[in-house]
Amino acid sequence: MKLQRMNRRALALGALAVSGALALTACGSDETGNPSGGSSNAAAQSNIKCDDASGQVLADGSSAQKNAVDAWVKQFSAACQVEINYKAGGSGAGVTAFTQGQVPWAGSDSALKPDEVAASKKICSGGQGINLPMVGGPIAVGYNVPGVDKLVLDSATIAKIFDSKITKWNDPAIAKLNPDAKLPNLKIQAFHRSDESGTTDNFTKYLIATAKKDFPYEGGKAWQAKGGQSAPQSSGVAAQVKQTAGAIGYFELSYAKDGIKTAAIDTGAAEPVEATVDNATKAIAEAKVVGTGKDLALKLNYATKADGAYPMVLVTYEIVCDKGNKAETLPAVKAFLRYAASEDGQKILAENDYAPMPEEIITKVRTTVESLS
Amino acid sequence: MDTTQIADAPPPTQPTTAEQKRAARGATRPGDRIFLGLSRGSGILLLVIMAAIAGFLTYRAVLAISKDDGNFLTTFEWNTGVNPPVFGIAVLAYGTIVSSIIAMVIAVPVSVAIALFLTHYAPRRLRGPIAYVIDLLAAVPSIVYGLWGALVLVPHMNGLFGWLNDYLGWTGVFSWQGGAARSMLTVGILLAIMILPIITNVSREVFRQVPQMHEEAALALGATRWEVIRMAVIPFGRSGVISASMLGLGRALGETMAVATVLSPDFLIHTSLLDPGGGTFAQNIASKFSEATEFGRDALIASGLVLFVITLLVNGAARAIIARRKEYSGANA
């Protein structure tokens with residue numbers, strides 16, 4: 001009897017602890033999830049065209065663009081009678097949900113593959129899934145080296161660091177790029193993602209495109225090089241970089257907060273390029289549209305040497321049907337994407353450390369959004 | 001006496017065959033028959049559901065393994081997104097087993113000691129609060145253990161790791177290169193803390209069941225308290241403690257979020273337990289699932305099936321050990 005009573009009390013206390021933790025996390029995500037500035041609210045809302053959009057829209061996909069979608073949703077749902085629920089379950093989950101017809105729109109870090117396009121034809125009656133590049137993100141290389149406030153790296157050095165071929169911070173290759181810095185004799189702790197991620201995919205694509213010799217791997221969402229340490233999610237890598245002396249890691253720029261310093265990249269341009277949203281937009285402008293028809297899949301030019309173009313970028317797509325969207329969700333999705341691609345929608349991105357799409361590309365996106373049916 | 005008399009007495013009348021059948025089935029009235037049907041149906045339904053799940057998982061696993069470019073059992077890599085895909089479970093199996101063994105080595109002696117303290121040494125006033133705190137440990141969600149591990153345990157492991165490296169580094173198993181302590185040993189210690197409550201609670205219950213007479217008899221023969229525990233309590237409770245440990249081991253083998261938060265996974269087997277790296281089945285599934293393609297998920301399901309097989313083997317071994325020690329089980333006391 002006594003034991004039973006004890007267990008029940010423990011359960012009650014445990015339940016209290018759990019609900020307390022839940023309440024705390026709920027607060028946490030509220031604060032970080034919607035960091036959009038209140039300044040542009042009034043102006044933005046007046047420009048949103050709702051048409052006859054209404055109801056509820058479910059969407060799923062890339063967690064890399066979650067903060068961007070949250071910021072859009074906040075503005076959009078204030079203006080229109082639409083409830084948009086973006087579940088950032090990951091690009092893979094988003095594409096699967098889309099090709100199974102569970103969501104009318106998905107977010108993804110990589111464009112649809114041919115077999116996924118084939119699968120989408122079943123959902124889009126008379127049409128197929130298309131990629132709309134909507135959000136850009138610079139991938140920052142953050143580091144934690146005591147006494148070093150400015151660091152310049154090039155792709156070959158980054159490749160060697162992440163492939164465990166350079167193991168000390170005072171290595172001649174790093175010293176050559178940073179003649180003024182006092183580099184300590186400290187072991188390099190290179191952090192990569194332990195989960196599969198579009199950030200890893202784009203980061204390794206950059207290394208393969210610009211330093212194939214020093215990074216002899218195939219690339220992809222899973223990290224392939226041996227050695228180094230790993231942590232889950234961009235936030236996990238950033239946290240490890242922050243608390244480990246000698247650490248270096250890659251993550252989206254928005255995670256480079258609270259004193260994490262980011263390296264500038266020597267691309268061969270006149271000056272080393274800092275990781276900023278403007279510089280990322282300049283690099284995305286070098287991309288070519290490789291999608292056919294209404295598909296706007298991009299091929300990024302990682303080897304760009306343009307001045308001020310930050311080459312380590314990630315473009316995330318919104319995936320919708322070009323034709324044959326479900327009648328009940330089409331107006332809402334169309335109105336939302338129209339807003340996201342609008343000047344106001346793209347302006348909010350920069351406030352959240354994302355890179356707006358360059359003018360030439362976003363114009364094409366706007367035309368395509370208008371033609372969705 | 002009563003029962004034998006009834007059995008020996010000749011039956012009053014010979015029942016008809018139909019009546020016999022009905023009596024054998026035990027269902028004579030409609031209520032009985034409906035209940036029999038419901039319970040039998042539920043039993044069969046359970047088997048069908050289990051078979052369907054097993055069939056589905058095996059089918060998906062076979063789909064994935066048949067396209068694997070590497071050897072599913074020995075490849076040190078997990079890359080399902082490339083063409084052809086390469087993946088193998090060697091590192092995961094090693095990491096799962098090693099981290100669980102570390103957890104057991106730490107948790108079982110401590111749990112047994114706590115259980116003995118609570119049942120035989122602690123003053124009555126202390127027993128309640130201590131048992132209560134242990135129950136509370138079991139109620140903490142694993143992600144909270146993970147966060148605590150990453151934020152508190154890992155930074156505080158450096159002292160222990162340095163000490164191990166200084167005195168036992170020559171073995172190779174405890175050599176340390178410096179850096180964050182996000183290694184198999186840290187995971188093992190965290191798992192030990194997580195499985196401690198369940199082993200302690202079950203062991204305590206078992207030790208409480210030791211017949212008072214055994215202990216009194218030992219005391220009467222002049223045994224000290226420690227000798228009573230050694231000769232009467234521990235042999236009696238051994239099979240119970242083994243069962244408790246297996247419950248704990250089951251939790252350690254399948255622990256997901258805490259491991260994923262604390263470990264720095266990679267696909268290499270490190271000789272040193274202090275090097276960051278390695279991985280476990282559950283951790284790998286948790287970290288790869290969200291971005292995996294359909295094929296990637298099939299591969300993860302295949303790895304999950306291997307974990308299932310390992311768990312079955314462990315449970316079978318535990319049952320075999322307990323069966324050999326039947327004479328000490330509570331039922332015979």
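Residues numbered from 1 in each chain as written. Chains lettered and ligands numbered in written order. Predicted model: local features only at pLDDT ≥ 70, side-chain atom pairs only at ≥ 80, totals over all residues. Heavy atoms only, no water.

K.L.:
For this particular structure, what's the right way to read the overall build of chain A?
P.N.:
On a plain count of helices and strands, chain A comes out with 13 helices and 13 strands. Within chain A, buried positions represent 56% of all 373 residues. Taking contacts inside chain A between residues at least 6 apart in sequence as the whole, the part at least 24 apart equals 75%. Taken as a whole, chain A presents about 15600 Å² of accessible surface, with 53% of it coming from carbon and sulfur. (Helix = DSSP H or I, 4+ residues; strand = E, 2+ residues; numbered from the N terminus. Buried < 20%, exposed > 50% of the residue type's maximum accessible area, 1.4 Å probe, protein only. Contact = heavy atoms within 4.5 Å. Areas by Shrake-Rupley, 256 points an atom, 1.4 Å probe, with all protein chains shown as cover.)

K.L.:
Help me understand the environment of A:Ile361 in this model?
P.N.:
Residue and element names in this part refer to chain A. In this structure, Ile-361 sits in helix H13 (residues 359–371). Measuring from C-alpha to C-alpha, the distance between Ile-361 and Val-69 comes to 19 Å, with 292 residues separating the pair along the chain. Each residue touching Ile-361, except ones within four places of it in the same chain, is listed here: Pro-133, Ile-284 and Leu-298.

K.L.:
I keep staring at the domain arrangement of chain A and nothing clicks. Help me out?
P.N.:
For an interface, size is often stated in terms of accessible area lost upon the parts coming together. Residue and element names in this part refer to chain A. If you check the domain split of chain A, you get domain 1 (56–136 + 288–300 + 314–371) and domain 2 (139–281). A C-alpha centroid distance of 29 Å is found between domain 1 and domain 2. Of the residues lining the interface, 15 residues belong to domain 1; the matching set on domain 2 comes to 12 residues. Both sides together, the interface formed by domain 1 and domain 2 hides about 1100 Å², and carbon and sulfur atoms give 55% of it. Counting the contacts that link domain 1 with domain 2 gives 0 salt bridges. Along the contact surface separating domain 1 from domain 2 lie 1 residue pair in polar contact (both at pLDDT 80 or more). Taken together, the residues of the side of domain 1 that touches domain 2 break down into 9 nonpolar, 4 polar and 2 charged. (Domains from an automatic or database assignment. Buried area = accessible area lost by both parts, 1.4 Å probe. Salt bridge = Lys/Arg side-chain N within 4 Å of Asp/Glu carboxyl O. Polar contact = N/O pair within 3.5 Å; in protein donor to acceptor, adjacent residues only side chain to side chain. Nonpolar A, V, L, I, M, F, W, Y, C, P; charged D, E, K, R; others polar.)

K.L.:
What's the story with the pairing of strand S2 (residues 82–87) of chain A in this structure? I'm lost.
P.N.:
Remark: a regular strand shows side chains that alternate across the two faces of the sheet. Residues A:Val82, A:Ile84 and A:Tyr86 of S2(A) are buried on one face, while the alternating residues A:Glu83, A:Asn85 and A:Lys87, pointing to the opposite face, are not. What joins strand S1 (residues 55–61) of chain A to S2(A) is helix H3 (residues 66–79) of chain A, and the crossover it makes is right-handed. (Right-handed = clockwise from strand over helix to strand, strands pointing away.)

K.L.:
I'm lost on the packing of helix H4 (residues 90–121) of chain B against helix H8 (residues 184–208) of chain B in this one. Help?
P.N.:
The relative placement of two packed helices is expressed as an angle between their axes plus a distance between the axes. Residue and element names in this part refer to chain B. It is the contact of H4 with H8, at a shortest axis distance of 6 Å, that shows an interaxial angle of 35 degrees. Once H4 is placed against H8, the crossing between them reads as right-handed. Classifying every residue of the contact of H4 with H8 by side-chain character gives 22 nonpolar, 8 polar and 2 charged. (Axes fitted to C-alpha atoms, helices over the stretch in contact; angles between N-to-C directions. Left-handed = near helix turned anticlockwise from the far one by under 90°.)

K.L.:
Can you help me understand unusual backbone geometry in this one?
P.N.:
Excluding glycine, residues mostly carry a negative phi; peptide bonds, for their part, are mostly trans. Residue and element names in this part refer to chain A. With phi around 60 degrees, Ser-164 is a residue other than glycine that occupies positive phi space. Following the sequence through the fold, Ser-164 ends up in the loop between helix H6 (155–162) and helix H7 (172–177). Overall, the relative accessible area of 35% leaves Ser-164 in the partly exposed class. In this structure, Asp-353 takes a positive phi of about 65 degrees despite not being glycine. By the secondary structure assignment, Asp-353 is in the loop between helix H12 (343–351) and H13. Relative accessible area serves as the criterion here: at 29%, Asp-353 is assigned to the partly exposed category.

K.L.:
Would you mind showing me how to read the UniProt feature "domain: PBP" (unreviewed entry) in chain A here?
P.N.:
Per the UniProt record, "domain: PBP" (unreviewed entry) is annotated on residues 53–343 of chain A. Regarding residues 53–343 of chain A, the helix share stands at 32% and the strand share at 23%, and the terminal C-alpha atoms are separated by 20 Å. (UniProt positions renumbered as here; feature names shortened; annotations may be inferred.)

K.L.:
Is there a simple way to think about the state of the cysteines in this case?
P.N.:
The bond known as a disulfide is covalent and runs between the sulfur atoms of two cysteines. Residues and elements named next belong to chain A. With the rule as written, the count across this model stands at 2 disulfides over all chains. Sulfur-sulfur distance for the disulfide between Cys-50 and Cys-80 comes to 1.9 Å. The S-S bond linking Cys-50 to Cys-80 shows a torsion near -90 degrees; that makes this disulfide left-handed. Taken together, the positions of Cys-50 in the loop between helix H2 (41–47) and S1 and Cys-80 in the loop between H3 and S2 put the pair 30 residues apart, joining distant regions of the chain. Disulfide partner of Cys-124: Cys-321, at an S-S distance of 2.0 Å. A torsion of -65 degrees about the S-S bond marks the disulfide between Cys-124 and Cys-321 as left-handed. With a gap of 197 residues between them, Cys-124 in the loop between helix H5 (114–123) and strand S4 (129–144) and Cys-321 in strand S13 (residues 313–321) connect regions that are remote in the sequence. (Disulfide = S-S within 2.5 Å.)

K.L.:
So what exactly am I meant to see when it comes to the environment of B:Leu263 here?
P.N.:
Relative to the assigned elements, B:Leu263 resides in the loop between helix H11 (257–262) and helix H12 (281–289). In this structure B:Leu263 comes out as buried when scored by relative accessible area, which is 0%. Sequence separation of B:Leu263 and B:Gly278 is 15 residues, and the distance between their C-alpha atoms is 8.0 Å. Once residues within four sequence positions are removed from consideration, B:Leu263 is found in contact with A:Ser230, B:Arg182, B:Ser183, B:Met184, B:Val187, B:Gly277, B:Gly278, B:Gly279 and B:Gln283.

K.L.:
What exactly am I supposed to notice about the side chain of A:Thr304 here?
P.N.:
Residue and element names in this part refer to chain A. Tracing the backbone shows Thr-304 in the loop between strand S12 (298–299) and S13. On the basis of relative accessibility, which here comes to 2%, the residue Thr-304 falls in the buried class. Only 3.2 Å separates the side chain of Thr-304 from the backbone nitrogen of Ala-306, close enough to count as a polar contact. Filtering out sequence-adjacent residues up to four positions away, Thr-304 remains in contact with Thr-267, Glu-286, Ala-309 and Pro-311.

K.L.:
Would you mind showing me how to read a nonpolar patch on the surface here?
P.N.:
Residues and elements named next belong to chain B. A contiguous nonpolar surface patch, about 560 Å² in accessible area, is contributed by Ile-143, Val-144, Leu-147, Trp-148, Leu-151, Val-152 and Met-257. Broken down by element, the residue count for the nonpolar patch peaks at 6 residues, all from helix H6 (residues 142–156). Considering the arrangement of structural elements, one finds Ile-143 in helix H6. (Patch = residues over 30% accessible without salt bridge, like charges linked within 9 Å, V, L, I, M, F, W, Y side chains within 5 Å.)

K.L.:
Even after reading the chapter, I still don't get the packing of aromatic side chains, so can you show me in this structure?
P.N.:
Geometry of an aromatic ring pair is reported as the spacing of the ring centres plus the angle between the planes. Residues and elements named next belong to chain A. Counted according to the given criterion, the structure contains 20 aromatic pairs over all chains. Both rings, one in Phe-76 and one in Phe-336, keep their centres 5.2 Å apart while their planes meet at 75 degrees; by these two values the pair is edge-to-face. Of the two residues, Phe-76 sits in helix H3 while Phe-336 sits in helix H11 (residues 330–341), which places them 260 residues apart along the sequence. Comparing Phe-76 with Phe-336, the two get one shared label, buried. Consider the rings of Phe-215 and Tyr-217, whose centres lie 4.9 Å apart with planes at 70 degrees: the pair is edge-to-face. (Phe/Tyr/Trp six-rings, centres within 6.5 Å; stacked < 30°, edge-to-face > 60°.)

K.L.:
Just to check I follow, could you spell out the environment of A:Ala283 for this structure?
P.N.:
All names here are of chain A. Among the secondary structure elements, Ala-283 is positioned in helix H10 (residues 277–284). On the basis of relative accessibility, which here comes to 3%, the residue Ala-283 falls in the buried class. Taking the C-alpha atoms as reference points, Ala-283 and Ala-355, separated by 72 residues in sequence, lie 10 Å from one another. When near neighbours in sequence (up to four residues on either side) are disregarded, Ala-283 contacts Ala-309, Tyr-310, Pro-311 and Val-313.

K.L.:
I keep staring at the interface of chain B and chain A and nothing clicks. Help me out?
P.N.:
Residue-level contacts link 35 residues of chain B with 37 residues of chain A. Taking both sides of the interface into account, the surface hidden between chain B and chain A amounts to around 2900 Å²; carbon and sulfur atoms contribute 48%. Area buried by chain B at its contact with chain A is led by B:Tyr132, B:Arg182 and B:Glu291, which between them contribute 22% of it. Here chain B is connected to chain A by 0 salt bridges. Remark: the boundary between chain B and chain A carries 6 residue pairs in polar contact (both at pLDDT 80 or more). If you list the elements that add at least two residues to the side of chain B that touches chain A, you get strand S1 (78–79), helix H5 (124–139), H8 and H12 of chain B. Looking at the side of chain B that touches chain A element by element, the count peaks at 5 residues for H5(B).

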